[in-house]
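Listed below are the residues making up each chain.
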Amino acid sequence: MKFGCIGEKLGHSFSVEIHEKIGLYDYTLMPIPREELDSFMKRADFDGINVTIPYKKDVIPYLKELSEEATLCGAVNTIVKRDGALYGYNTDFAGMRDLLAFGGIGIENQNVLILGSGGTSGTALKLCRSLGARRVEPVSRSGRDGCLTYEQAYTRTDTQVIINATPCGMYPNAGKSPVELSRFPDLCGVADAVYNPQKTAFLMEAETLGIPCIGGLYMLVSQALYAAQIFTCRDDLVSLAPDIYEAVRKEKENIVLIGMPGAGKSTLGKAVAQALGREFLDSDAVIEEEEKKPIPQIFREKGEKAFRDIESRVIRGLSALRGKVIATGGGAILRKENVEHLRSNGKLLFLDAPLETLMPTGDRPLTSTAADLKKRYEERYGLYCACADEIIPVTRDVEENLRNLEKVL
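All residue numbers refer to positions counted from 1 along the written sequence of the respective chain. It should be noted that, the model being predicted, local features are given only for residues of pLDDT at least 70 and side-chain atom pairs only at 80 or more, the latter also being counted only at that level, while totals for whole chains, interfaces and linings use all residues. Hydrogens and waters are ignored; side-chain quantities use all the structure's heavy atoms.

Points about a negative patch on the surface
- A cluster of like negative charges, contributed by D397, E399, E400 and E406, occupies part of the molecular surface.
- Tracing the sequence through the fold places E406 in helix α16 (residues 398-408). Residues enter patches when their relative accessible area tops 30% and they take part in no salt bridge; the joining distance is 9 Å for like charges and 5 Å for the nonpolar side chains Val, Leu, Ile, Met, Phe, Trp and Tyr. Only the protein chains shown count as cover for residues, with accessible areas throughout obtained via the Shrake-Rupley method and a probe of 1.4 Å. Salt bridge, as used here, is a side-chain nitrogen of Lys or Arg placed within 4 Å of a carboxyl oxygen of Asp or Glu. When charges are counted, Lys and Arg contribute as positive and Asp and Glu as negative, whereas His and the chain ends are disregarded. To locate a charge, the coordinates of NZ of Lys, CZ of Arg, CG of Asp or CD of Glu are taken. The secondary structure listing takes helices from DSSP runs of H or I that are at least 4 residues long and strands from runs of E that are at least 2 residues long, numbered from the N terminus.

A look at the packing of helix α4 (residues 92-102) against helix α5 (residues 119-130)
- Here α4 crosses α5 at 60°, and the two axes come no closer than 9 Å. Crossing of α4 against α5: the hand is right-handed. Within the contact between the two elements, α4 uses D92, F93, M96, R97 and L100 and α5 uses T120, T123, A124, K126, L127 and S130.
- Residues of the contact of α4 with α5, tallied by class, amount to five nonpolar, three polar and three charged. Axis definition: a line fit to C-alpha positions, over the contact stretch in the case of helices; interaxial angles, taken between N-to-C directions, run 0 to 180 degrees. Note on convention: near helix rotated counterclockwise from far helix by under a right angle means a left-handed crossing. Clockwise means right-handed. By definition in these notes, contact holds between two residues if any of their heavy atoms fall within 4.5 Å. Amino acid classes used here: Ala, Val, Leu, Ile, Met, Phe, Trp, Tyr, Cys and Pro are nonpolar; Asp, Glu, Lys and Arg are charged; the rest, including Gly, are polar.

Side note on the sheet that holds strand β5 (residues 78-82)
- When DSSP locates at least two bridges between a pair of strands, those strands are taken to pair. Strand order in this open sheet of six strands is β2-β1-β3-β5-β6-β4, and the pairing throughout is mixed. The sheet is open, and its two edges are formed by β2 (28-31) and β4 (65-66), each paired on a single side.
- Bridge count between strand β3 (residues 48-51) and β5: three bridges; the pairing is antiparallel. Looking across to β5, one finds that G48 is bridged to V80.
- Against the sheet, helix α2 (residues 34-43) engages β1 (3-7), β2, β3, β5 and β6 (85-89), with an angle of about 155° to β1.
- Sitting on the sheet, helix α8 (residues 217-232) touches β1, β3, β5 and β6, and the angle it makes with β5 is about 5°.

Notes on the packing of aromatic side chains
- Here is the rule: rings of Phe, Tyr and Trp (six-membered ring for Trp) pair when centre to centre is within 6.5 Å. Planes less than 30 degrees apart are stacked, more than 60 are edge-to-face, and the remainder are tilted. If you walk through the whole model with that rule in mind, you get 13 aromatic pairs.
- Here the aromatic rings of F3 and Y25 are separated by 4.9 Å at their centres, their planes lie at 40°, and the arrangement is tilted. One end of the pair, F3, is in strand β1; the other, Y25, is in the loop between α1 (15-22) and β2, and 22 residues separate them in sequence. Each member of the pair, F3 together with Y25, is buried. Under the scheme applied here, a residue whose accessible area is under 20% of the maximum for its type counts as buried, over 50% as exposed, and between as partly exposed, the area being computed with a 1.4 Å probe on protein chains only.

Concerning the sheet that holds strand β8 (residues 135-139)
- Spatially, five strands are ordered β8-β7-β9-β10-β11 in an open sheet, and the strand pairing comes out parallel. Because the sheet does not close on itself, it has two edges, and the strands there are β8 and β11 (213-214).
- Strands in contact with helix α7 (residues 201-209) are β7 (111-115), β9 (161-164), β10 (189-192) and β11; relative to β10, the strand with the most contacts, it is inclined by about 160°.

A closer look at the side chain of R376
- Within the secondary structure, R376 is located in helix α15 (residues 370-387).
- Given a relative accessible area of 11%, R376 falls into the buried group.

A few points about the environment of L217
- Relative to the helices and strands, L217 is located in helix α8.
- Distance in space between the C-alpha atoms of L217 and R322 is 14 Å, their sequence separation being 105 residues.
- Contacts of L217, omitting those with residues within four sequence positions, involve F14, Y195, Y245, V248 and R249.

So, the pattern of salt bridges
- The tally for this structure, following the rule as stated, stands at 26 salt bridges.
- A salt bridge links E17 to K252, with the shortest nitrogen-to-oxygen separation between them at 2.5 Å. With E17 in helix α1 and K252 in helix α9 (residues 241-252), this residue pair connects regions lying 235 residues apart in the sequence.
- Relative accessible area serves as the criterion here: at 11%, K252 is assigned to the buried category.
- A salt bridge links E379 to R376; the nearest nitrogen and oxygen atoms lie 3.0 Å apart. Here the residue E379 and the residue R376 both occupy positions in helix α15, the gap between them amounting to three residues, near one helical turn.
- Salt bridges sharing common partners tie together R135, E137, R156 and D158.

Pasting the structure below:
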């Protein structure tokens, strides 16, 4: 391996795609169990590597020299071999600095909480101090080594910026948040080092509260470019960060279609997926495949609540995927948890079909008559609008609808 990334678990990593877009070398993911780290570092059979959770501190004893940032942070995320010796750097420092700037989150004269006690937390702590924070305090579950406990953190009601440097909310444990942001009334900025999913529960609460926030993808891209500059002895690559960030964000983002039964979610979803070269998935079709029976039969045998429970499970699984086109059932947005899962990695598009263009059919248990269809439409229309990132009027002209979708995308 010439260049790559080591860590204990790397199934969630986007690093290969980012370094492929840099396009200057091959890049490999190398998951390493803790008991094999020593032999790997002693062999040093690489030209340059990135280091991620949980080895950013563990690799330091194997290095001949540390950069100023790595020494300051006490953590290394980039190693390069020169003349047989290993040199350590911390490009997370510059990456997080760029993340905060990109998100418009100022640190100078602010009261800051850093959630976590690992290598990324230490980097954030040193960065915020260097940027002139008025007060910056780390938070951990144990409260050891100068950290606040989470209960103590809630007494800091004058906190203005919170940075999550824990894995909380990261795939596959999406949907969890390390703190309740509503308990910090003075918050004016939130950043999350987690990048998968793109929108964690932590960030979605910030959005709901109207607090400026940014996820960790831009940091991942930026630190990768600083690492690439070290690998290649160049200093002109970090300017690529905005373009690579936007490309990766779009590639990884699901396109999620919501709307009434009969609005054309499946028809348009398949057409969009084909046009974009993506896989199309229909949550109702997945339910029927997994349950081995049609949805009307599930309703008859188990009732609506049981169906909604099945639907929520399926949506949670689909939402963990990336870069798909997903059509949802008409009632998928009835549960808040479904909307949050879909938004975590997706852009929600409401296909707004007028009631008069919708037709009742017997294969849809809750909209099998005109009266039922009208009732469901009136119950759900406001929810569709509230959940949607974009509202797309649709007609019976499929080509026109597809053109409208493509404009948005």
